[in-house]
Amino acid sequence: MRKSTLFSECAKLLSFARPYWKYMALAIISMIMYTSANGVQISLIKPIIDKLLIGNAEKVEELPRIDIEQDIQKQGNQSPVKQFKNQIFHKFAFIEKLQKHATSSFTNIGIVMAIVAPIIFFSCYFQQYFRNLVMWAVVVDIRNKVCDHLLPQPLSFFENRKSGDLLSRLTNDIAVTQSGLTVLFDEILLQPLKLICGLTLAFYFSWKLSLLTLIAFPVIFIPVLIMGKKIKKHGKGSLRHLSDLTDALREMFAGIRIVKAFKMEAEESREIHDISDRFFRKRLKMVKAKAINTSTSEFVYALGLAVLIILGGYVVVSKKITPGELGGFITAIGFMVITTVKKLAKSYASLQESLAGVNRVFELFTIEPTIKDHAGAVTLKHVEEGISFKDVSFSYENSEEFVLKDINLTIRKGEILAIVGKSGAGKSTLVNLIPRFYDPVKGAIEIDGIDIRKIKHESLLTHIAIVSQQTFLFNRSLRENILYGRRDATIEEIYAAARSANIHEFIMSLSKGYDTVVGELGVKLSGGQRQRIAIARAILKNAPILLLDEATSSLDYESEKLVQDALNNLIAGKTTIIVAHRLSTIQHCDRIIVMQNGHIVETGSHDSLMSGEGEYKRVYQLHFDTLQS
C-alpha cells in the first residue's frame, strides 16, 4: 500500500468540507480582504516616516507632473523593480494620482486608515465566523460518520476490539483531529495569504533586501520538516497509550464491585500509573521535538531582525533607499513575513501531531462490515414455514476450532424449541447465527427456504426479538427502554406490553412512573425487573421469531415465576427458540435438542428423552438431585 503523504492526508481531511464549500469560499474572500487591508496599513508606513524626517507633516506636497517619454528614457538607469512599478503606474495613471493624494499629508493618511478600519473589522469577523462554522461542521460530520460506519459492523468486530480503544478514537482522537482542522482553517489557509502580502510589500519597498531575506527560509523549514516526522511518530504512539488508558479506566469503573470485593484498589491503581507513565514518556518525546521546532523558528526570527537592521542601516546611510522604505520593509518582513513563517512552522508541527489522530480515526473507515446484504437481497415479509439449518458449521474469527459442526435442524413455524447442553456446547452460538450476528463458515440457514444471507439484514431483524440472560438497559427512562422494541408505539401499547411482562404495576408505583431513569445498565432495578423490562420490549416488537438465551437463569425463584409468566405471554403464537439452563422451565416445549461439543446428540420431547438413557436424562436427574439437596 502506498504510503500517504502530508498533502494526501490533508486533502482527505478537507474532503469533509466539500458540502460547505460556499461558506469556505466566503471565508477565503474575507481572508483576502482582511490581509489586503492590513497590507494597505503597512504600506502607509513609508510616507509617514519620510514625512516625519522631511518635516513636512501637514503641507500637501506639490509633486511634479510626470513626463512619460522623459521617464521612460530614465528607466535605463533604474532598477528592474522601479521600472516595473513605473510601467504599472503609467498604464494606470489614476492609481499614481490616488496614491500621491492619499499620502500627501498626515490627514489624508489618517483618513485612509479610518476607511480601512471597518474593512478590517468586518473581514476579520466573517473570516473567523465562516472558518469556525466549517471546522465544527466537519468535526461533527466526522464523528457522525465514524458512528455510522461502526454500528453496522458485525458482533465479531466489537468482540475482537477493546471498547476503550473505540471510545478513545471517538473522543481523544477526534479531539486531536479537531486541533488539526483548527490549524488547517486558522493557519494553513490564512498565513500563506499574509506571507504573499508581506513579500509583495517587501519587494515593493526593496527588492534587493527581499531577495537576501529569502535565503533565511531554508534555515527555518529544514529543521521543521525533520522534526515534523518525529512529532507525528511520537504523537501516534502517545495516542495508542492514551487509548490503553481509556480502556483500563473504563474496565476498572465497570468492574468496581469486583475491585472492591477483592480489595484490588492498589493493584488497579498501579496498572493505571504504569499506563500513564508510558503515555507520559511518549508524550515527552513529542514535546521535545515540538520545542526544537519552535526554538529554531524563534532563533531565526531574532537573528533575522538583527541582520535586517544592520543591512537596513547600511543601505539608508548609502542613500540607496529612503528611511520610509526601510521602515516599511522592516515592518513587512518583521510583522508579516517572518511572523507568518514562524506561525507556519508551528502550525506544521501541530498539524503533524493532529494527523496522528486523523490517521487513527480514518483507519476505521477502511474496515468494511463482513455482514452485508447480498446482491439482490430480498425483503422478508412474513414467516410462513420456519427456520432450517443445513449442514451448518461455524468457528470464530482467528480460531481453527469449530464451535458448531454439521448442524441440520428444522424449526417449524409456531414451534417452541429448547436447546440444552453443557457450557461451551454451542447453544448460544447456534442462536446467534439466526439474526446474522455471525455468518456460518459452511452451510446455510434458511427462513421459508431463503438463505438469510439473501434477505435484507434490516428486514431479517424486524422479524426477530431477543431476550438474553444479560439484559442491557440504557441510562434512560423506563418508557424509552421499552420503546426500543418499536419506536412508533403508542402509550397504550407500551402499557399493554408492560402489563403482559408483569412490570406495569411496579412502574406505576414509582414516583415518576414510566419517566423514571433506570441508571447506568439499569442499576436501579433488580435482575427480575430488568428482565421483565426486556420482555416488555420484546412483546412491544411483536416479532414472529423469538430467541430466549437463558432468560431466567440468573434469577431467584420468585422473580423467575414472574418472568416465566411474562415469557408465556411473549411466546404465544411465535416461533420460539429457548436456550435453557434450568431444565424445569422447558418441560412443556414442543421439542428439545441436546448439544454436545458442537453437535446435536439428541432430539425429542421431554417425555421421550426421559424414557431413554441419553445425555438429557442424565443432566435432568443431576439437576433434580441438585434441587433436592
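The structure displayed is predicted, hence computed values, not measured ones.

Reading the values: the criteria
- Residues numbered from 1 in each chain as written.
- Predicted model: local features only at pLDDT ≥ 70, side-chain atom pairs only at ≥ 80, totals over all residues.
- Heavy atoms only, no water.
- Buried < 20%, exposed > 50% of the residue type's maximum accessible area, 1.4 Å probe, protein only.
- Helix = DSSP H or I, 4+ residues; strand = E, 2+ residues; numbered from the N terminus.
- Pairing = 2+ DSSP bridges.
- Expected span 1.5 Å × (residues − 1).
- Patch = residues over 30% accessible without salt bridge, like charges linked within 9 Å, V, L, I, M, F, W, Y side chains within 5 Å.
- Areas by Shrake-Rupley, 256 points an atom, 1.4 Å probe, with all protein chains shown as cover.
- Salt bridge = Lys/Arg side-chain N within 4 Å of Asp/Glu carboxyl O.
- Lys, Arg positive; Asp, Glu negative; His and termini not counted.
- Charge placed at Lys NZ, Arg CZ, Asp CG, Glu CD.
- UniProt positions renumbered as here; feature names shortened; annotations may be inferred.
- Axes fitted to C-alpha atoms, helices over the stretch in contact; angles between N-to-C directions.
- Parallel < 35°, antiparallel > 145°, perpendicular 65-115°, else oblique.
- Left-handed = near helix turned anticlockwise from the far one by under 90°.
- Contact = heavy atoms within 4.5 Å.
- Polar contact = N/O pair within 3.5 Å; in protein donor to acceptor, adjacent residues only side chain to side chain.
- Core = buried A, V, L, I, M, F, W, Y, C linked by side-chain atoms within 4.5 Å.
- Nonpolar A, V, L, I, M, F, W, Y, C, P; charged D, E, K, R; others polar.
- Phe/Tyr/Trp six-rings, centres within 6.5 Å; stacked < 30°, edge-to-face > 60°.
- Lys NZ or Arg CZ within 6 Å of the ring centre and 35° of its normal.

Let's shift gears to the pairing of strand 1 (residues 386-394). By the criterion of burial, strand 1 is predominantly enclosed, with seven of the nine residues buried. Of the strand pairs in this sheet, strand 1 and strand 2 (residues 404-412) are connected by six bridges, and their pairing is antiparallel. Along strand 2, the bridge assignment pairs Val392 with Ile407. Relative to strand 4 (residues 442-447), strand 1 runs antiparallel, the two being bridged by five bridges. Looking at strand 4, one finds that Ser393 is bridged to Lys442.

Turning our eyes to something else, we now look at helix 2 (residues 21-43). Since the α-helix advances by 3.6 residues per turn, residues separated by three or four positions end up pointing in the same direction. With 23 residues, helix 2 should reach 33 Å at 1.5 Å per residue; the first-to-last C-alpha distance of 32 Å fits that figure. Three or more residues of helix 2 are buried, namely Met24, Ala27, Ser30, Met31, Tyr34, Thr35, Ala37, Gly39 and Ile42.

Let us look at a negative patch on the surface. Where like charges cluster on the molecular surface, the negative patch consists of Glu251, Glu271, Asp274 and Asp277. When residues in the negative patch are grouped by element, the largest group, three residues, is from helix 14 (residues 265-317). For Glu271, the location among the structural elements is in helix 14.

It is worth spelling out the UniProt feature "transmembrane region" (unreviewed entry) in the protein at this point. Under the present numbering, the feature "transmembrane region" (unreviewed entry) in UniProt falls on residues 20-37, 106-126, 211-228, 291-314 and 326-345. Secondary structure content for residues 20-37 is 94% helix and 0% strand, and the end C-alpha separation is 26 Å. For residues 106-126, the end-to-end C-alpha separation is 30 Å, with 100% helix and 0% strand making up the annotated structure.

The strand order across the open sheet built from six strands is 6-7-8-3-9-10, with neighbouring strands paired in mixed fashion. Across the chains shown, the open sheet's two edge strands, defined by having one partner strand only, are strand 6 (464-468) and strand 10 (599-604). Averaged over all pairs of adjacent strands, the angle between strand axes in this sheet comes to 20°, irrespective of strand direction. Where strand 7 (residues 545-549) lies against strand 8 (residues 575-579), five bridges are found, and the strand directions are parallel. In the strand pairing of strand 8, Leu546 is matched with Thr576.

Turning our eyes to something else, we now look at the pairing of strand 3 (residues 416-421). Where strand 3 meets strand 8, four bridges bridge the pair, whose relative direction is parallel. Directly across from Ala418, in strand 8, lies its bridge partner Ile578. For strand 3 and strand 9 (residues 591-596), the ladder comprises five bridges, and the chain directions are parallel. In the sheet register, Val420 faces strand 9, and the bridge partner there is Val594.

Quick look at the packing of helix 19 (residues 491-500) against helix 21 (residues 527-541) now. Contact geometry for helix 19 and helix 21: axes closest at 8 Å, N-to-C directions at 125°. It follows that helix 19 is oblique to helix 21 by the angle criterion. In the packing of helix 19 onto helix 21, the handedness of the crossing is right-handed. Of the residues in helix 21, those touching helix 19 at Glu493, Ile494, Ala497, Ala498 and Ser500 are Ala536, Ile539 and Leu540.

What follows covers the environment of Thr516. Tracing the sequence through the fold places Thr516 in the loop between helix 20 (504-509) and helix 21. Placed 37 residues apart in sequence, Thr516 and Arg479 show a C-alpha to C-alpha distance of 8.0 Å. Apart from residues no more than four positions distant in its own chain, Thr516 is found in contact with Arg476, Ser477, Leu478 and Leu510. Within polar-contact distance, the side chain of Thr516 engages the backbone oxygen of Gly513 at 2.8 Å.

Formed by 43 residues in total, the largest nonpolar core has its most connected members in Ile535, Leu570, Ile586 and Tyr616. If one sorts the elements of this core by residue count, helix 21 sits on top with seven residues. Beyond its immediate sequence surroundings of up to four residues, Ile586 is in contact with Ala418, Val420, Ile578, Ala580, Ile592 and Tyr616.

Think of two packed helices as two axes; the pair is described by the angle between the axes and how far apart they sit. Between helix 2 and helix 7 (residues 106-150), whose axes approach to 8 Å, the crossing angle comes to 150°. What the angle tells us is that helix 2 and helix 7 run roughly antiparallel. In this structure, helix 2 crosses over helix 7, and the sense of that crossing is left-handed. Taken together, the residues that form the contact of helix 2 with helix 7 break down as 19 nonpolar, five polar and one charged.

Take the side chain of Thr429 next. With respect to the secondary-structure elements, Thr429 resides in helix 16 (residues 427-433). A residue is classified by how much of its surface remains accessible, and Thr429, at 7% relative accessible area, is buried. There is a polar contact of 2.8 Å between the side chain of Thr429 and the side chain of Tyr396. The residues contacting Thr429, other than those within four sequence positions of it, are Phe394, Tyr396, Val403 and Leu404.

A positive phi angle, close to 55°, is found at Asp448, a residue other than glycine. Locating Asp448 in the fold gives a position in the loop between strand 4 and strand 5 (450-451). Look at Asp448 and you get buried, because its relative accessible area is 18%. Even without being glycine, Asn597 reaches a positive phi, approximately 55°.

On the surface, a cluster of positive charge is contributed by Arg278, Arg281, Lys285 and Lys288. Looking at the element boundaries, Arg278 is found in helix 14. According to the relative accessible area criterion, Arg278 is partly exposed, its value standing at 34%.

Turning our eyes to something else, we now look at the packing of aromatic side chains. Summed over the entire model, instances satisfying the criterion amount to 15 aromatic pairs. Between Phe121 and Phe122 the ring centres are 5.0 Å apart and the planes differ by 80°, which places this aromatic pair in the edge-to-face class. Judged by centre distance (5.6 Å) and plane angle (40°), the ring pair of Phe362 and Phe365 falls under tilted. Residue Phe362 and its partner Phe365 are located together in helix 15 (residues 323-365), separated by three residues, close to a single helical turn. Members of the aromatic cluster, joined through ring pairs, are Tyr23, Tyr125, Phe126, Tyr129 and Phe130. When the ring centre of Phe365 is taken as reference, the NZ or CZ atom of Lys145 above it lies at 5.0 Å.

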